[in-house]
Amino acid sequence: LLSNEEIDLLRRIREKKGRIIYAPLAKVAHLVEAKRLTRTWFRKRAAWQAVSDFTMDPQRFAAKVKEHWHRATLYFNKLPPHLRTINGLVHDTDDPEMFRLQIGACYTMTSAMLAGLEDITLD
């Protein structure tokens, strides 16, 4: 997998009738590289998450693409007209909500491409 290792691990544990618990006080030391805190990294992460989700279950994934299409539409409609192009996916913004929508749009656009743009209404 390119991502989703923890999802795959949990699935395997459940298949073997293993026990999964929630431990809110558990602590994990994890080094996060500075580059993983950039907007560029988050955009790439969203795209690769779409690839990983597609890889795990292509049919289920393709069925969800249309449901998520509104996220990309919402994002692009909130941009100024001159940014309502593919450039809007890399437009730097300091607005956290717009960045959240941008990340969703990156995921959705990658998803749509992986699904072959089937059943997507461009209205």
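I will try to describe carefully the structure that is included in this document. (Residues numbered from 1 in each chain as written. Predicted model: local features only at pLDDT ≥ 70, side-chain atom pairs only at ≥ 80, totals over all residues. Heavy atoms only, no water.)

**Some remarks on the packing of aromatic side chains**
And step 1. With the rule as written, the count across this model stands at 3 aromatic pairs.
And step 2. Both rings, one in phenylalanine 42 and one in phenylalanine 99, keep their centres 6.3 Å apart while their planes meet at 80°; by these two values the pair is edge-to-face. Linking phenylalanine 42 in helix H2 (residues 39-56) with phenylalanine 99 in helix H4 (residues 96-114), this pair joins segments that are 57 residues apart in sequence.
And step 3. Overall, the relative accessible area of 17% leaves phenylalanine 99 in the buried class.
And step 4. On the basis of an interplanar angle of 65° and a centroid distance of 5.4 Å, the ring pair of tyrosine 75 and phenylalanine 76 is categorised as edge-to-face. (Phe/Tyr/Trp six-rings, centres within 6.5 Å; stacked < 30°, edge-to-face > 60°. Helix = DSSP H or I, 4+ residues; strand = E, 2+ residues; numbered from the N terminus. Buried < 20%, exposed > 50% of the residue type's maximum accessible area, 1.4 Å probe, protein only.)

**Thoughts on the nonpolar core**
Soluble globular proteins tend to bury their nonpolar side chains together.
And step 1. Core analysis: the biggest nonpolar cluster contains 20 residues, and Tyr75 and Leu79 have the highest contact counts within it.
And step 2. Of all the secondary-structure elements, those providing two or more residues to this core are H2, helix H3 (58-78) and H4. (Core = buried A, V, L, I, M, F, W, Y, C linked by side-chain atoms within 4.5 Å.)

**Observations concerning the pattern of salt bridges**
And step 1. Scanning all chains against the criterion turns up 7 salt bridges.
And step 2. The residue lysine 35 makes a salt bridge to glutamate 33 at a minimum N-O spacing of 4.0 Å.
And step 3. Its relative accessible area of 43% is what places glutamate 33 among the partly exposed residues.
And step 4. If you follow the salt bridges from partner to partner, you end up with Asp8, Arg11, Arg12 and Glu15 in one network. (Salt bridge = Lys/Arg side-chain N within 4 Å of Asp/Glu carboxyl O.)

**Describing the side chain of aspartate 8**
And step 1. Note on placement: aspartate 8 falls in helix H1 (residues 5-15).
And step 2. You can call aspartate 8 buried: its relative accessible area is 13%.
And step 3. Within the structure, the side chain of aspartate 8 is placed 2.9 Å from the side chain of arginine 12, a separation counted as a polar contact. (Polar contact = N/O pair within 3.5 Å; in protein donor to acceptor, adjacent residues only side chain to side chain.)

**Things to note about the packing of H3 against H4**
And step 1. One can describe the packing of H3 onto H4 by two numbers: an axis separation of 8 Å at closest approach and a directional angle of 140°. The angle between H3 and H4 places the two elements in the oblique class. Crossing angle aside, the handedness with which H3 passes H4 is left-handed. Within the contact between the two elements, H3 uses Phe61, Val65, His68, Trp69, Arg71, Ala72, Leu74, Tyr75 and Lys78 and H4 uses Met98, Leu101, Gln102, Gly104, Ala105, Tyr107, Thr108, Met109, Ser111, Ala112 and Leu114.
And step 2. Grouping the constituent residues of the contact of H3 with H4 by class yields 13 nonpolar, 5 polar and 2 charged. (Axes fitted to C-alpha atoms, helices over the stretch in contact; angles between N-to-C directions. Parallel < 35°, antiparallel > 145°, perpendicular 65-115°, else oblique. Left-handed = near helix turned anticlockwise from the far one by under 90°. Contact = heavy atoms within 4.5 Å. Nonpolar A, V, L, I, M, F, W, Y, C, P; charged D, E, K, R; others polar.)

**Some points on the environment of tyrosine 107**
And step 1. Secondary-structure assignment places tyrosine 107 in helix H4.
And step 2. Along the sequence, tyrosine 107 and lysine 44 sit 63 residues apart, while their C-alpha atoms lie 9.0 Å from each other.

**With respect to the environment of isoleucine 20**
And step 1. You can see isoleucine 20 is positioned in the loop between H1 and H2.
And step 2. Take isoleucine 20: its relative accessible area is 37%, and that puts it in the partly exposed class.
And step 3. Between the C-alpha atom of isoleucine 20 and that of leucine 10, which follows or precedes it by 10 residues, the distance is 7.7 Å.
And step 4. When neighbours within four sequence positions are excluded, isoleucine 20 is seen to be in contact with Leu10, Ile13 and Arg14.

So, to be careful, I would describe these as geometric facts and stop short of saying anything about function.
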